[in-house]
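Overview (structure and organization)
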Amino acid sequence: MRIVLFGAEGQVGSECRLLLSKEGIDLVALDRTEIDLTKVETVDVLQTLRPDAVMNLAAYTAVDRAEDEEETCRRINATAVGRMVENCRLLRIPFLHVSTDYVFDGRQAEDECYEVTSLPHPLNVYGRTKREGEVLALGYERSFVVRTAWVFGRGRNFVDTMLRLFATHREIQVVSDQIGSPTYAKDLASLLCKMIKTQKYGLYHATNEGFCSWYEFAKAISEETRKDVHIIPVTTEDYSKSGNVKATRPLRTKLSKRSLVEHGFSLLPPWRDALRRFLMEKEEGR
């Protein structure tokens, strides 16, 4: 089986690359140094590579910068996705695409979760372009679209940011009114690599189990690493006054994983367990 993987250098893409390589898959892993998704015609390399499936883990994810770079963001998150779909349709092969909880506005009641049938309503450029990519992917009958959230793994992410701040600060402020689910890239990659080998096409939500705020996530990181740092909870409104935030964020993006269960896929482990494993592997240099 030959699989083309876009976004092979990202947190989830790099884990998929490792897993698929271990399984003996004929893998063509493409990163930004090899293919420029802002030049969408480069995607047509699929016609030469002739894979059996395509996985797209590439994305423009700089949420605040996207407000000033909408066209670039759209080319990567939507236009290139449409081109991938066109190529997959011509080759009659499966296409897997990863999306985000930011397609929702976060205005659900505190005790409710977004289902795959819930109506998207993104609040920022990043969310809107990711939704556009979803629509293009779901227009193809052999596609998987997997929404995830708050990804951490090897690379730049919230956990690494906290660890750097813990090393230099005695006190930090972290937003406490945005609620979601941290997702370990390795756990998500394991699911995606299983999914691409099935024919269970459709729309899914996949995160590690459980919900928390960014503040609670930061507290968990400090507890697991035994760092003596005073973490102060602040509201999104107050944090935005710092002037470093351009994009509006959704407040509550709890995702229901009912679709995974209904299609026979296993739920990902609890997020606190995933965090513990990540920190242990990081300490061991794995």
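In this report, the structure presented in the accompanying data block is examined. None of these values were measured; they are calculated from a predicted model. (Residues numbered from 1 in each chain as written. Predicted model: local features only at pLDDT ≥ 70, side-chain atom pairs only at ≥ 80, totals over all residues. Heavy atoms only, no water.)

**Let's talk about the overall build of the protein**
Within the protein one finds ten helices and 14 strands. Since a compact globule built from 286 residues should have a radius of gyration of about 19 Å, the 19 Å found for the protein is in line with a globular shape. Its C-alpha atoms put the protein at 55 × 40 × 40 Å along the principal axes. By residue count, 52% of the 286 residues in the protein fall in the buried class. Contacts in the protein between residues at least 24 apart in sequence constitute 83% of all its contacts with a sequence separation of at least 6. Side-chain charges in the protein split into 41 positive and 42 negative, and the spacing between the mean points of these groups amounts to 3 Å. (Helix = DSSP H or I, 4+ residues; strand = E, 2+ residues; numbered from the N terminus. Rg over C-alpha atoms; globule rule 2.2 N^0.38 Å. Buried < 20%, exposed > 50% of the residue type's maximum accessible area, 1.4 Å probe, protein only. Contact = heavy atoms within 4.5 Å. Lys, Arg positive; Asp, Glu negative; His and termini not counted. Charge placed at Lys NZ, Arg CZ, Asp CG, Glu CD.)

**Focus on the environment of Gln178**
Turning to its location among the elements, Gln178 is positioned in the loop between strand E7 (171-175) and strand E8 (179-180). Excluding its chain neighbours within four sequence positions, the residues that come into contact with Gln178 are Tyr102, Trp150, Cys212, Ser213, Trp214, Thr236, Arg249, Pro250 and Leu251. Among the polar contacts made by the side chain of Gln178, one reaches the side chain of Trp214 at a distance of 3.2 Å. Looking at Gln178, its side chain comes within polar contact range of the side chain of Thr236, at 3.1 Å. (Polar contact = N/O pair within 3.5 Å; in protein donor to acceptor, adjacent residues only side chain to side chain.)

**Some remarks on the packing of helix H5 (residues 158-168) against helix H7 (residues 214-225)**
Closest axis-to-axis distance for the H5/H7 pair is 10 Å, and the angle between their directions is 60 degrees. The pairing of H5 with H7 is recorded here as oblique in orientation. The handedness of the crossing between H5 and H7 comes out as right-handed. Counted together, Phe158, Val159, Met162, Leu163 and Phe166 of H5 and Trp214, Phe217, Ala218, Ile221, Ser222 and Thr225 of H7 form the full contact between these two elements. (Axes fitted to C-alpha atoms, helices over the stretch in contact; angles between N-to-C directions. Parallel < 35°, antiparallel > 145°, perpendicular 65-115°, else oblique. Left-handed = near helix turned anticlockwise from the far one by under 90°.)

**Remarks on the layout of surface pockets**
If you add up the space inside the second largest pocket, you get close to 240 Å³. If you go around the second largest pocket, the residues you meet are Leu163, Glu224, Thr225, Arg226, Arg276, Leu279, Met280, Lys282 and Glu283. Mapped by element, the contributors of at least two residues to the lining of the second largest pocket are H7 and helix H10 (271-283). When residues of the lining of the second largest pocket are assigned to their parent elements, the largest contribution, five residues, is made by H10. A breakdown of the residues in the lining of the second largest pocket according to their chemical character gives three nonpolar, one polar and five charged. (1 Å grid on protein atoms, 1.4 Å probe; cavity = no way out; pocket = protein on both sides within 12 Å on 5 of 7 lines; lining within 4 Å. Points joined across faces, edges and corners; volume = space filled by probe spheres on them. Nonpolar A, V, L, I, M, F, W, Y, C, P; charged D, E, K, R; others polar.)

**Quick look at empty space enclosed by the protein**
It is a probe the size of a water molecule, rolled over the atoms, that shows where empty space is left. All chains considered together, the criterion is met by one cavity of 30 Å³ or more. The computed volume of the largest cavity comes to approximately 30 Å³. Residue lining of the largest cavity: Asp101, Tyr102, Trp150, Gln178, Ile179, Trp214, Pro250 and Thr253, and that is the complete set. Taken together, the residues of the lining of the largest cavity break down into five nonpolar, two polar and one charged.

**Topic: unusual backbone geometry**
With phi around 60 degrees, Arg92 is a residue other than glycine that occupies positive phi space. Residue position: Arg92 is located in the loop between helix H3 (70-91) and strand E4 (95-100). Residue class for Arg92 comes out exposed when judged on its relative accessible area of 54%. Residue Trp150 is not a glycine yet carries a positive backbone phi of 50 degrees. Position of Trp150 relative to the elements: it lies in the loop between strand E5 (143-148) and strand E6 (151-152).

**Here we look at the nonpolar core**
In this structure, Val4, Phe6, Leu37, Leu46, Val54 and Phe95 are the most contacted members of the largest nonpolar core, which totals 33 residues. Elements that contribute at least two residues to this core include exactly strand E1 (2-6), strand E2 (26-30), helix H2 (46-49), H3 and helix H4 (125-138). When residues of this core are assigned to their parent elements, the largest contribution, eight residues, is made by H3. When neighbours within four sequence positions are excluded, Leu46 is seen to be in contact with Val4, Phe6, Pro51, Val54, Met84, Asn87 and Leu91. Core analysis: the second largest hydrophobic core is formed by 28 residues, Ile3, Ile25, Leu192 and Leu260 among them. (Core = buried A, V, L, I, M, F, W, Y, C linked by side-chain atoms within 4.5 Å.)

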